[in-house]
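Residue strings, one per chain:
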Amino acid sequence: MEWIVFICCFGAAIFWYFFSKKNMQEEMREQFQSLSFDVLQKSQESFLSLAKEVLGHQQAGSEKELEGQKKEIEQLISPLKDLLFRFDAQHREIEQKREGAYGSLQKQIEHLLQSEKDLRSEAANLASALKSPNVRGAWGQLHLRRVVELSGMLHRCDFFEEVHIKTDEGQIYRPDLVVQLPGKREIVVDAKVSLDAYLQATKTTNNEVKQQKLAEHAQQIKRHIKNLHSKAYWKQFKTSPEYVILFLPAEAFFSAALDSDPSILELGMGQNVVIATPTTLIAILKAVAFGWRQDTISQDAQKIAQLGAELYERMLGMNNDWNKVGESLTKSIDAYNKATRSLEKRVLSSARKLGEVSSEKPLVSPPQVDRVATGTSVSPEDRSLTHF
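Just so it is clear, the model here is predicted, and its values are computed rather than measured. (Residues numbered from 1 in each chain as written. Predicted model: local features only at pLDDT ≥ 70, side-chain atom pairs only at ≥ 80, totals over all residues. Heavy atoms only, no water.)

## Quick look at the overall build of the protein chain
How we decide: Numbering of helices and strands starts at the N terminus; helices are DSSP runs of H or I of at least 4 residues and strands are runs of E of at least 2. Think of it in three bands: residues with accessible area under 20% of the maximum for their type are buried, residues over 50% are exposed, and the middle band is partly exposed, with areas taken using a 1.4 Å probe on protein chains only. The contact definition used throughout considers only heavy atoms, calling two residues in contact when any of these lie within 4.5 Å. Surface accessibility in these figures is a Shrake-Rupley result with a 1.4 Å probe; residues are shielded only by whichever protein chains are displayed.
Secondary structure assignment for the protein chain yields 10 helices and seven strands. For the protein chain, buried positions account for 22% of its 388 residues. Summarising the internal contacts of the protein chain: among those between residues at least 6 apart in sequence, 61% fall at separations of at least 24. Accessible area for the protein chain stands at about 28,800 Å²; split by element, carbon and sulfur atoms hold 59% of it.

What follows is the structure in structure tokens.
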């Protein structure tokens, strides 16, 4: 029983020991936590205060450094800023000019479009007007006259328009132009070819129809070539070379016909018909004008030769008359010198003796003339200049 009590008491003592120890640990833990929290709080406050102070100094230094860097950067970018301002001003000025130029260009484009519309309208009117044979003939004659004017062949001296020729059979031919050549020769130019098929070809958009009309246009020119050959203008104008010029008012008329039928040129040469466009006719007329200039130069050279021969004949006659005058002057001088010597010998010698008695003034003898043009005395130095 005592051992049980002892064991119970010993167990209770042990339990109490461990229990009190646990409570002490809890209290110590709480106190340690309280002390550590206070220390941590104070250290945090101290750290925050120190951090604020350090950061404040660093922020002040950073602000000063940043301000300095800002000034340096401003100094660096100041020229760039001025350049950007000038660039912006120039860009605005260029933009204003561009807008003005675009506006002017737009007006020009509108004007061109309107001009194109007017040109198409006038071309349509011209095509409609050219359907009339009279209008087409007047238009061709106008182009022909303009070509002649450009070549320098003036109407009143080198060519004639609308000349009417009546053949022995009573037929009346009317060439459009007769160009006068040097040597009283002539070239006949005709400009009455039909252009109806060509005008119809320019209107159509169907390629097949267009080719048909161009082929018809070539056939019209070939028929006109044969017609001109049958007229034989070189027989009506006796001084004309054996060919006639067929004038087409535009290069396109001939090129279109030649593309459709290349045999046109060979046919014309075989029929004594030369097909000429404004370019080739100007070249022909320029050659004629050059011939006229050469003929004028030749005539002037002949006139100069005649005038030179006439002048030479007149100079021969005048030279003979001048020689006669020289001979007469020589005879007069010889007679004067002979009379002077006779006067000196027969009269003045006795007169001087008389003067010695009655007068103190000497009697001077007349001078001798050594064949000079004047009757005065000439010194020996000047005789070489005035001697005949």
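## A look at the confidence of the model for the protein chain
Stated formally: Think of pLDDT as the predictor's per-residue confidence, scored from 0 to 100.
Across the protein chain, pLDDT averages 76, with 76% of residues at or above 70. This stretch, residues 373–388, has a pLDDT under 50; its non-local contacts, to residues over four places away or in other chains, come to 18 contacts.

## Looking at a nonpolar patch on the surface
Threshold: Put simply, a patch holds well-exposed residues, over 30% relative accessible area, that have no salt bridge, with like charges counted together within 9 Å and Val, Leu, Ile, Met, Phe, Trp or Tyr side chains within 5 Å. One speaks of a salt bridge when a side-chain nitrogen belonging to Lys or Arg is within 4 Å of a carboxyl oxygen belonging to Asp or Glu.
On the surface, Ile73, Leu76, Ile77, Leu80, Leu83 and Leu84 cluster together into a nonpolar patch covering about 600 Å² of accessible area. Turning to its location among the elements, Leu84 is positioned in helix α1 (residues 2–129).

## Brief notes about unusual backbone geometry
Glycine aside, residues mostly have negative phi, and peptide bonds are mostly found in the trans state. Of note in the backbone geometry, Asn272 takes a positive phi value of approximately 60° without being a glycine. Relative to the helices and strands, Asn272 resides in the loop between α8 (263–270) and β7 (273–276). For Asn272, a relative accessible area of 25% translates into the label partly exposed.

## What about the environment of Leu195?
In this fold, Leu195 is placed in the loop between β5 (185–190) and α4 (196–203). A sequence separation of 21 residues divides Leu195 from Glu216, and the C-alpha atoms of the two residues are 9.8 Å apart.

## Examining the environment of Thr239
Within the secondary structure, Thr239 sits in the loop between α6 (233–236) and β6 (244–247). For the pair Thr239 and Leu181, spaced 58 residues apart in sequence, the C-alpha to C-alpha distance is 9.4 Å. Ignoring sequence-local partners within four residues, the contact set of Thr239 consists of Lys184, Arg185 and Glu186.

## Here we look at helix α5 (residues 207–231)
Because each turn of an α-helix spans 3.6 residues, side chains separated by three or four positions end up pointing in the same direction. Stated formally: Multiplying one less than the number of residues by 1.5 Å gives the expected span of a helix. A 3.5 Å cut-off defines polar contacts: any pair of N or O atoms within that distance qualifies, except that in protein one atom must be a possible hydrogen donor and the other a possible acceptor, and neighbouring residues in sequence count only when both atoms are side-chain atoms.
Here α5 spans 36 Å end to end across 25 residues, near enough to the 36 Å set by a 1.5 Å rise per residue. Regarding α5, the residues found buried are Leu214, His217, Ala218, Gln220, Ile221, Lys222, His224, Ile225, Leu228 and Lys231. Between a side-chain oxygen at the N-terminus of α5 and the backbone nitrogen of Glu208 the separation is 3.0 Å; the capping residue is Asn206. Where α5 ends, the next residue or the one after it, Ala232, has phi of about 50°, a positive value.

## Some details on the side chain of Gln180
Examined against the element boundaries, Gln180 turns out to sit in strand β4 (residues 177–181). Polar contacts involving the side chain of Gln180 include one to the side chain of Glu186, which spans 3.3 Å.

## Quick notes on the nonpolar core
Nonpolar side chains tend toward joint burial in soluble globular proteins. Going by this rule: The definition of a nonpolar core used throughout is a set of buried Ala, Val, Leu, Ile, Met, Phe, Trp, Tyr and Cys residues joined through side-chain atoms within 4.5 Å.
Of all hydrophobic cores here, the largest spans 27 residues; its most connected members are Ile221, Ile225, Val244, Leu246, Leu248, Ile264 and Ile275. Breaking this core down by element, the ones donating at least two residues are α4, α5, α6, β6, α7 (251–260), α8 and β7. Sequence-distant contacts of Ile225, that is, excluding residues within four places in its chain, are made with Leu246, Ile264, Leu267, Gly268, Gln271, Val273 and Ile275.

## Considering the pairing of β6
Basically, it comes down to this: At least two bridges found by DSSP between two strands is the condition for calling them paired.
Neither face of β6 is left uncovered, since the one carrying Val244 and Leu246 and the one carrying Ile245 and Phe247 both have all their residues buried. Sheet analysis places β5 next to β6, joined by two bridges and oriented parallel. Residue Val189 lies in a different strand from β6, and its bridge partner there is Ile245.

## Things to note about the pattern of salt bridges
Following the criterion strictly, the structure yields seven salt bridges and no others. Lys97 is paired through a salt bridge with Glu93; the nearest N and O atoms lie 3.5 Å apart. Taken together, the residues Lys97 and Glu93, both in helix α1 and four residues apart, mark about one turn of the helix. On the basis of relative accessibility, which here comes to 56%, the residue Lys97 falls in the exposed class. For Glu149, the salt bridge is made with Arg146, and the minimal N-O distance between the two is 3.7 Å. Placement of the pair is Glu149 and Arg146 together in helix α2 (residues 133–150), with a separation of three residues, close to one helical turn. Given a relative accessible area of 44%, Glu149 falls into the partly exposed group.

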